[in-house]
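Chains, contacts and geometry: an overview
Chain by chain, the residues:
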Amino acid sequence: MKMNKLDKSVLKLWYIRAAIGALALLGVAVGVLVILLATEAPSNVMLAVSLSAGIPVILLLCITLIMPALRYKMYSWGYDDKRIVVKQGVIFRQRVVIPVCQIQDLHRTQGPIMMMLKLSGVTISTAGSNFDISTLTTNEADRLIDALEQNLEIRVEELKDEEI
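Residues numbered from 1 in each chain as written. Predicted model: local features only at pLDDT ≥ 70, side-chain atom pairs only at ≥ 80, totals over all residues. Heavy atoms only, no water.

In this section: the pairing of strand E6 (residues 119–126). The buried fraction of E6 is high, at 8 of 8 residues. Here E6 shows two buried faces, one formed by Leu119, Gly121, Thr123 and Ser125 and the other by Ser120, Val122, Ile124 and Thr126. In this sheet, E6 lies alongside strand E5 (residues 103–109) in antiparallel orientation, the contact comprising 6 bridges. Across the sheet, the residue bridging to Ile103 is Thr126, located in E6. Examined bridge by bridge, E6 and strand E7 (residues 130–137) share 6 bridges and lie antiparallel to one another. Within E7, the residue paired with Leu119 across the bridge is Thr137. In this antiparallel pair of consecutive strands, E6 and E7, the connection spans 3 residues. (Buried < 20%, exposed > 50% of the residue type's maximum accessible area, 1.4 Å probe, protein only. Helix = DSSP H or I, 4+ residues; strand = E, 2+ residues; numbered from the N terminus. Pairing = 2+ DSSP bridges.)

This part covers helix H1 (residues 8–38). The terminal C-alpha atoms of H1 lie 45 Å apart, and with 31 residues this matches the ideal 45 Å at 1.5 Å per residue to within 8%. Turning to H1, its buried residues are Ser9, Val10, Leu11, Leu13, Trp14, Ala18, Ala22, Ala29 and Leu36. On its buried side, H1 packs onto helix H2 (43–74), helix H3 (112–116), E6 and E7. (Expected span 1.5 Å × (residues − 1). Contact = heavy atoms within 4.5 Å.)

Another aspect to go through is the nonpolar core. In this structure, Leu6, Trp77, Ile84, Val122, Ile133 and Leu136 are the most contacted members of the largest nonpolar core, which totals 26 residues. Secondary structure elements with two or more residues in this core: H1, strand E3 (83–88), strand E4 (94–99), E6, E7 and helix H4 (138–163). The element best represented in this core is H4, accounting for 5 residues. Ignoring anything within four residues of it in the chain, the contact list for Ile133 reads Tyr75, Trp77, Ile84, Val86, Gly121, Val122, Ile124 and Leu144. (Core = buried A, V, L, I, M, F, W, Y, C linked by side-chain atoms within 4.5 Å.)

A few words now on the sheet that holds E7. Here 3 strands make up an open sheet; going across it, the order is E5-E6-E7 and the pairing antiparallel. A single partner strand is all that each edge strand has here, and the edge strands are E5 and E7. If you compare each strand with its neighbour and ignore which way they point, the axes differ by 20° on average. Taken strand by strand, H1 contacts E6 and E7, and its axis lies near 110° from that of E7. (Axes fitted to C-alpha atoms, helices over the stretch in contact; angles between N-to-C directions.)

For Thr123, the location among the structural elements is in strand E6. Assessed through its relative accessible area of 15%, Thr123 is described here as buried. Setting aside anything within four residues of it in sequence, one finds Thr123 in contact with Asp105, Leu106, His107, Asn130, Phe131 and Asp132.

Written as structure tokens, this is what we have:
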């Protein structure tokens, strides 16, 4: 089975999502400092709050810049007639194998940013759980869903023939 890498536009999406989270965190930190300045808190309190909030903010901003690239590098997926395989994870590596015969539903999802970048997520539902193939180009997602749908139709016909 050939394992596929994600499209480069997925990396853009992950950076945009990370930047939105980082901006929210930065806004909270700045808000706390503004409140302290407005209440004319003592300088030692200002220093303590600045250090206790500033260091984690700087670390999280660094992680925001590094994690999407590492996640992108470690993510791969592939499928054939019998199974779908997804490998992912930076700190905790994960390999998921989904037998095609156990698929019950296939969903393609898009958010506003994903639509702008022509990306889609694919959710695969089985009897036991749901699994997301993180983000594919819309064309890849449609091809994957069409191929899996054809495999499912063949499997249903085989099961009907076995019942007779």
